[in-house]
Amino acid sequence: MSIRALALELYRAQQKVEMLQKQYDNATLTEREGLGQELNFARKELQMLRRMLDGEKESGSFRRRFSGFGSTKK
């Protein structure tokens, strides 16, 4: 998955977490149970996407830093 696609998914996940948090804050006690589980799942998804995006950015610079390493130039 490209960095651009990951960034877009990350943005969507952030928006979803914010929306669920607002709903949770305004919900009644009985509604909070279901929303709480959904909010926790959305937060975990957001964290996973952040780690994926950070890993893609890191690995790209890592590959560039060592490109050509070990090549035999004559």
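Everything numeric here is computed off the predicted structure, so don't read it as measured data.

What follows is about the nonpolar core. Grouped together as the largest cluster of nonpolar side chains are 12 residues: L6, L10, A13, V17, L20, A27, L35, L39, A42, L46, L49 and L53. Sorting the residues of this core by element identifies helix 1 (3–26) and helix 2 (29–65) as the ones contributing at least two each. If we skip the residues at most four places from it in the chain, L39 touches V17, L20, Q21 and Y24.

So, on to the packing of aromatic side chains. Within the structure shown, the criterion is met by zero aromatic pairs. Lying across the ring of Y24, R32 places its NZ or CZ 4.8 Å from the centre.

With that out of the way, let us pick up a nonpolar patch on the surface. A grouping of M1, M48 and M52 is seen on the molecular surface, where their side chains present a nonpolar patch of about 310 Å² in accessible area. On the secondary structure map, M48 appears in helix 2.

This brings us to the environment of A42. Tracing the backbone through its elements, the reader meets A42 in helix 2. On the basis of relative accessibility, which here comes to 2%, the residue A42 falls in the buried class. Residues contacting A42, with those up to four places away along its chain left out, are V17 and L20.

Per the counting criterion, the structure on display carries one salt bridge. The closest approach of N and O atoms between E9 and R12, which form a salt bridge, is 3.2 Å. Of this pair, E9 and R12 both sit in helix 1, three residues apart, roughly one helical turn. A relative accessible area of 31% places E9 in the partly exposed class. Relative accessible area serves as the criterion here: at 47%, R12 is assigned to the partly exposed category.

Scoring rules and cut-offs
- Residues numbered from 1 in each chain as written.
- Predicted model: local features only at pLDDT ≥ 70, side-chain atom pairs only at ≥ 80, totals over all residues.
- Heavy atoms only, no water.
- Core = buried A, V, L, I, M, F, W, Y, C linked by side-chain atoms within 4.5 Å.
- Buried < 20%, exposed > 50% of the residue type's maximum accessible area, 1.4 Å probe, protein only.
- Helix = DSSP H or I, 4+ residues; strand = E, 2+ residues; numbered from the N terminus.
- Contact = heavy atoms within 4.5 Å.
- Phe/Tyr/Trp six-rings, centres within 6.5 Å; stacked < 30°, edge-to-face > 60°.
- Lys NZ or Arg CZ within 6 Å of the ring centre and 35° of its normal.
- Patch = residues over 30% accessible without salt bridge, like charges linked within 9 Å, V, L, I, M, F, W, Y side chains within 5 Å.
- Areas by Shrake-Rupley, 256 points an atom, 1.4 Å probe, with all protein chains shown as cover.
- Salt bridge = Lys/Arg side-chain N within 4 Å of Asp/Glu carboxyl O.

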